Amino acid sequence: VSSLKYALLPAALFGAFGSALAQTPAASPTMTADEKAQAKKIYFERCAGCHGVLRKGATGKNLEPHWSKKLPDGSTQEGGTLKLGSNRLEKIISYGTDGGMVNFDDILSKDEISLMAKYIQNTPDVPPEYSFKDTMDSWKVMVPVKDRPTKQMNKFNLKNMFSVTLRDTGEVALIDGDTKEIRSIVKTGYAVHISRLSKSGRYVYVIGRDGRLSLIDLWMEKPAVVAELKIGFDARSVDTSKFKGYDDKYAIAGSYWPPQYVIMDGDTLKPLKIVSTRGMTVDGEYHPEPRVASIVSSEIKPEWVVNIKETGQILLVDYSDIKNLKTTTIESAKFLHDGGWDASKRYFLVAANASNKIAAVDTKLGKLAALIDVKKLPHPGRGANFVHPQFGPVWATGHLGADVVTLISTASDDKKFAKYKEHNWKVVQEMKHVPGNLFVKTHPKSKHFWADSPQNPEKELAESVAVWDMADLSKPTKIINVAKDSGLPETKATRRAVHPEYSADGKEVWISLWGGKTDQSAIVVYDDATLKVKKVITDPKMITPTGKFNVYNTQHDIY
Ligand code: DHE
């Protein structure tokens, strides 16, 4: 059973809900107020990311009392007595399941596990809403636009700057891709998640899991946060307006709780509009907590693609008239999560992870192009595009729950690819990998394809990445042990090799070696041509590095 924890939410984030949580009458088993408070905190930190605040289930199973008290234990089909229900739940929490639930026996004490078993048989608490006024009240501009530089004031090669998530310190490190020096460490949201770039490449937007959105101005002599907005209590995604004429004009951030998205000014983060995502699933059932998963910005229309996890609805949000917002709602499949553009940037491919499907949206026509069945728990990150020697343009996704990387043929308006039409939107190849993959990556200038496996239960595999030669995908992969290559002393705990990211010129691949909060972590930089280590970036301040976002590649969606 995996000892790796994908969804560890920060304690401070729970504090955001604090005592404002609505108290619902406790169902059996009974718990004291203190026990309930402790369990609520643990639930929010460890469980909500996958199961949802209201426990309706998404990546993880539904955990409402009607289910948690009806566990198939053989003797308690009717009413499931408390004792037996708790025992079974304790086992699941302790040791995990084959269905993808990880074990918590190395994170939670026995008492905490039995507390959680009781807690999830109680009715979930409903956290408070977050209004436009709350959002507006949280808005801070540290450096007004008029006081910002009118040109780049530093000598950095901004194109090749990397914004690196330092997950557990709630910071991003801005690392110079040319010199590999840390240029600035910037305080951002708690358990900070992703960075995205403005169209011009000047501004970095960083979203924390606590909903804090930070705007960093890369033109300052020492890049720093110039504005901040709390967009909700729990968030994962952000993007900017990338259509011609809207450079740096708007930003959009998605919230898990409350389920809504916020549109704001791109250079100040002043909130302009909040839109709720509550509504019907593709199966026609009302869902009270449809969380906003990935968001991407179109370059061919003034539109964002906003993926709503629980409902399986993909929204094309037209930002040309924010007051009279027009949205196209595309039905796909439930549990939308992460995704990216195809090479032509006309089609957006997104994983409906717990449905084991990939949805492809044709953003030119505003329609679903295809819904493709794939193996268990696809997790593309943004995916990876390349021209397959036999099948033409393909987009790739890895899988958390299967031992393959799936290649899907993508349609193209380019006549030279017309001969591959018969393959479009089909799985054309499954390349053998190991389960526990989170991210895949290649680059238009590269001949290599990289995939990590940080969620694999084997330490050796979690600390390694696999590399394919795209000219001959039948060749065995080269397995690179990033932990060994880092030269750092071996640790008992796993240091996950995660998230390959290319330099702007496509010649280097950066991989995070993600250790515990008190371990020395590193970023190991490989020469993409020779697959040899070029540099190990390590520093006492480099704590829990995970996602890395190269300015140029993120700005132009190159992957
Ligand atoms: Fe992520 C992207 C949600 C856990 C690292 N993650 C995303 C996106 C979503 C998401 C919706 C797409 C954003 C977009 O493109 O707009 N992530 C979630 C979760 O709900 C989940 C499963 C559990 C949780 O409680 O947060 C989760 N994610 C993690 C991690 O534990 C990871 C591995 C480490 C970390 O830093 O937290 C992690 N997620 C990432 C990264 C991306 C990401 C690096 C961006 C990939 C890219 O290349 O763009």
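Keep in mind that what you see is a predicted model, and the values were worked out from it rather than measured.

*Asks:* I'd like to hear about the overall build of the protein, residue by residue, with values.
*Replies:* Regarding its fold elements, the protein presents 9 helices and 35 strands. In terms of overall size, the protein behaves like a compact globule, its C-alpha atoms giving a radius of gyration of 23 Å where 559 residues would be expected to give roughly 24 Å. Seen along its three principal axes, the alpha-carbon backbone of the protein occupies a region of about 65 × 55 × 50 Å. Of all 559 residues assigned to the protein, the portion counted as buried reaches 53%. For the protein, long-range pairs separated by at least 24 residues make up 55% of all intrachain contacts whose partners lie at least 6 apart in sequence.

*Asks:* Which residues make up the packing of helix H2 (residues 33-51) against helix H5 (residues 110-119), and what values go with them?
*Replies:* At their nearest, the axes of H2 and H5 sit 9 Å apart, and the two run at 95° to each other. Classified by the interaxial angle, the pair formed by H2 and H5 is roughly perpendicular. On H5, the residues that touch Glu35, Gln38, Ala39, Ile42 and Tyr43 of H2 are Glu112, Leu115, Met116 and Tyr119. For the contact of H2 with H5, a count of residues per class yields 6 nonpolar, 1 polar and 2 charged.

*Asks:* Report on the sheet that holds strand S8 (residues 224-230), specifying residues and quantitative values.
*Replies:* Within a sheet, neighbouring strands are paired by backbone hydrogen bonds and run either parallel or antiparallel to one another. Across the sheet, which stays open at both edges, the 5 strands sit in the order S1-S8-S7-S6-S5 with antiparallel pairing between neighbours. The strands lining the two open edges of the sheet, one partner per strand, are strand S1 (140-141) and strand S5 (194-197). By the bridge criterion, 4 bridges tie S5 to strand S6 (residues 203-207) in an arrangement that is antiparallel. Within S6, the position partnered with Leu197 by the bridge is Val204.

*Asks:* Explain the pairing of strand S15 (residues 292-297) residue by residue, including any values.
*Replies:* Here S15 lies mainly inside the structure; 6 of its 6 residues are buried. Sheet topology note: the S15/strand S16 (residues 303-308) ladder contains 4 bridges and is antiparallel. Residue Val296 lies in a different strand from S16, and its bridge partner there is Val305. Taking the residues that link successive antiparallel strands as the turn, the S15-S16 hairpin has 5 residues.

*Asks:* I'd like a description of the sheet that holds strand S22 (residues 367-373), backed by residues and values.
*Replies:* Across the sheet, which stays open at both edges, the 4 strands sit in the order S19-S20-S21-S22 with antiparallel pairing between neighbours. A strand with exactly one partner marks an edge of an open sheet, and here the two such strands are strand S19 (336-341) and S22. The sheet shows a mean angle of 25° between the axes of neighbouring strands, taken without regard to direction. In this sheet, S22 lies alongside strand S21 (residues 357-362) in antiparallel orientation, the contact comprising 6 bridges. Its bridge partner lying in S22, Asp362 is registered against Lys367.

*Asks:* Explain H2 to me, using residue names and the numbers behind them.
*Replies:* Between its first and last C-alpha atoms H2 spans 23 Å; for 19 residues at 1.5 Å apiece the expected length is 27 Å, and the helix comes up short by more than 12%. Trailing H2 by a residue or two, Gly52 shows a phi angle of about 90°, which is positive.

*Asks:* Which residues make up the environment of Glu90, and what are the values?
*Replies:* Summarising the element assignment, Glu90 is placed in helix H4 (residues 82-95). What Glu90 contacts, discounting residues up to four positions off in sequence, is Ile113, Ser114 and Ala117.

*Asks:* Explain the pairing of strand S31 (residues 496-502) residue by residue, including any values.
*Replies:* With 7 of 7 residues buried, S31 lies mostly within the body of the structure. Across 5 bridges, S31 lies against strand S32 (residues 508-514) in antiparallel orientation. Looking at the pairing, Tyr502 lines up with Val509 of S32. The hairpin formed by S31 and S32 contains 5 residues between the paired strands, and Gly506 there has a positive phi angle of roughly 75°.

*Asks:* How would you sum up the confidence of the model for the protein? Please name residues and give values.
*Replies:* When pLDDT is averaged along the protein, the result is 91; 92% of the residues meet or exceed 70. Under a pLDDT of 50 for its full length, residues 77-84 has, in the predicted model, 10 contacts with residues more than four places off or in other chains. The ipTM assigned to the predicted complex is 0.99, against a pTM of 0.92.

*Asks:* Tell me about unusual backbone geometry, residues and numbers included.
*Replies:* For the bond running from Trp257 to Pro258, omega is -10°, close enough to zero to count as cis. With respect to the secondary-structure elements, Pro258 resides in the loop between strand S10 (250-257) and strand S11 (260-265). Notably, Asn356 is not glycine yet its phi reads approximately 55°, a positive angle. Among the secondary structure elements, Asn356 is positioned in the loop between strand S20 (347-352) and S21. Classification of Asn356 by C-beta neighbours within 10 Å gives partly exposed; the count is 19.

*Asks:* Before we move on, can you summarise the environment of Phe233 with the specific residues and values?
*Replies:* Examined against the element boundaries, Phe233 turns out to sit in the loop between S8 and strand S9 (234-240). Along the primary structure Phe233 and Pro258 are separated by 25 residues, whereas in three dimensions their C-alpha atoms are 7.0 Å apart.

*Asks:* Outline the environment of Phe243, listing residues and values.
*Replies:* Inspection of the secondary structure assignment puts Phe243 in the loop between S9 and S10. Residues Phe243 and Ile300, spaced 57 residues apart in sequence, show a C-alpha to C-alpha distance of 6.3 Å. Here Phe243 is in contact with Ser298, Glu299, Lys301 and Pro302, once residues within four sequence places are set aside.

Reading guide: rules and limits
Residues numbered from 1 in each chain as written. Predicted model: local features only at pLDDT ≥ 70, side-chain atom pairs only at ≥ 80, totals over all residues. Helix = DSSP H or I, 4+ residues; strand = E, 2+ residues; numbered from the N terminus. Rg over C-alpha atoms; globule rule 2.2 N^0.38 Å. Buried ≥ 20, exposed ≤ 12 C-beta atoms within 10 Å, placed from the backbone. Contact = placed C-beta atoms within 7 Å. Axes fitted to C-alpha atoms, helices over the stretch in contact; angles between N-to-C directions. Parallel < 35°, antiparallel > 145°, perpendicular 65-115°, else oblique. Nonpolar A, V, L, I, M, F, W, Y, C, P; charged D, E, K, R; others polar. Pairing = 2+ DSSP bridges. Expected span 1.5 Å × (residues − 1). pLDDT = per-residue confidence, 0-100.

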